[in-house]
Amino acid sequence: MACNQAPTETTTSEVAVAPVAEKADMVKIKSEIQQLENEWAAADNASDVTALLAFYSEDAVSMGSDSPMAVGKAAIQKQLETSMSSRPEGVTVKYETLDVFGDENTVTEVGKSTQTDASGKVISTGKYMAIWEKRDGKYVCVRDIFNSDSKQD
């Protein structure tokens, strides 16, 4: 409209109203992601590399402490096998989802990990971020990064 033209009146029936997008239920999504982390921990504690790989997409990228970026499932499998072969007997890990943000289709998770020895004593803690995408109705990890809270020897 030119600066010297008077505005025209519009009626409410002429005004286009954008649909309001439903806000994602992040409490529900956080619970879903925590359940995945519980299943992940069970597979991790059982040293079940096949079960762990099922959580990743084919095009996933994993960035762990003191190791090169692992691109794709084959590289992630090698990384997992190396990690598990050096794990002391009786060590278990637990993952806790601290925060999630995003929407129903793409969720970024922030969490912490706790490793305990066979007696239940905490031997290390760490933190991680994971990006989960819903593909074929289920969440798969497409990116993750994790590291220890202390220097590893």
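The following refers to the structure shown. (Residues numbered from 1 in each chain as written. Predicted model: local features only at pLDDT ≥ 70, side-chain atom pairs only at ≥ 80, totals over all residues. Heavy atoms only, no water.)

**A short note on the nonpolar core**
Core analysis: the biggest nonpolar cluster contains 26 residues, and Ile33, Trp40, Ile76, Val107, Trp132 and Tyr139 have the highest contact counts within it. Taken together, the elements giving at least two residues each to this core come down to helix H1 (26–45), helix H2 (49–53), strand S1 (56–63), helix H3 (73–85), strand S3 (92–102), strand S5 (122–135) and strand S6 (138–148). Counting residues per element, this core draws most heavily on H1, which supplies 6 residues. Not counting residues up to four positions away in its chain, the partners in contact with isoleucine 33 are Thr97, Val100, Val107, Glu109, Trp132 and Tyr139. (Core = buried A, V, L, I, M, F, W, Y, C linked by side-chain atoms within 4.5 Å. Buried < 20%, exposed > 50% of the residue type's maximum accessible area, 1.4 Å probe, protein only. Helix = DSSP H or I, 4+ residues; strand = E, 2+ residues; numbered from the N terminus. Contact = heavy atoms within 4.5 Å.)

**Side note on the pairing of S3**
Pairing analysis gives 10 bridges linking S3 to strand S4 (residues 106–116), with the strands arranged antiparallel. Each residue of the ladder has a partner; that of tyrosine 95, found in S4, is serine 113. (Pairing = 2+ DSSP bridges.)

**Quick look at H1**
Here H1 contains 20 residues, and its C-alpha end-to-end distance of 28 Å stays within 8% of the 28 Å for a straight helix at 1.5 Å per residue. Among all positions of H1, only Ile29, Ile33, Gln34, Leu36, Glu37, Trp40, Ala41, Ala43 and Asp44 are buried. Looking at the residues trailing H1, positive phi occurs at serine 47, about 55 degrees. (Expected span 1.5 Å × (residues − 1).)

**Describing the environment of lysine 127**
For lysine 127, the position within the fold is in strand S5. Residue lysine 127 is classed as partly exposed on the basis of its relative accessible area of 37%. With 15 residues separating them along the chain, lysine 127 and lysine 112 place their C-alpha atoms 4.2 Å apart. In this view, lysine 127 contacts Gly111, Lys112, Ser113, Ile145, Phe146, Asn147, Ser148 and Asp149; residues no more than four positions away in its chain are not counted. There is a polar contact of 2.9 Å between the side chain of lysine 127 and the side chain of aspartate 149. (Polar contact = N/O pair within 3.5 Å; in protein donor to acceptor, adjacent residues only side chain to side chain.)

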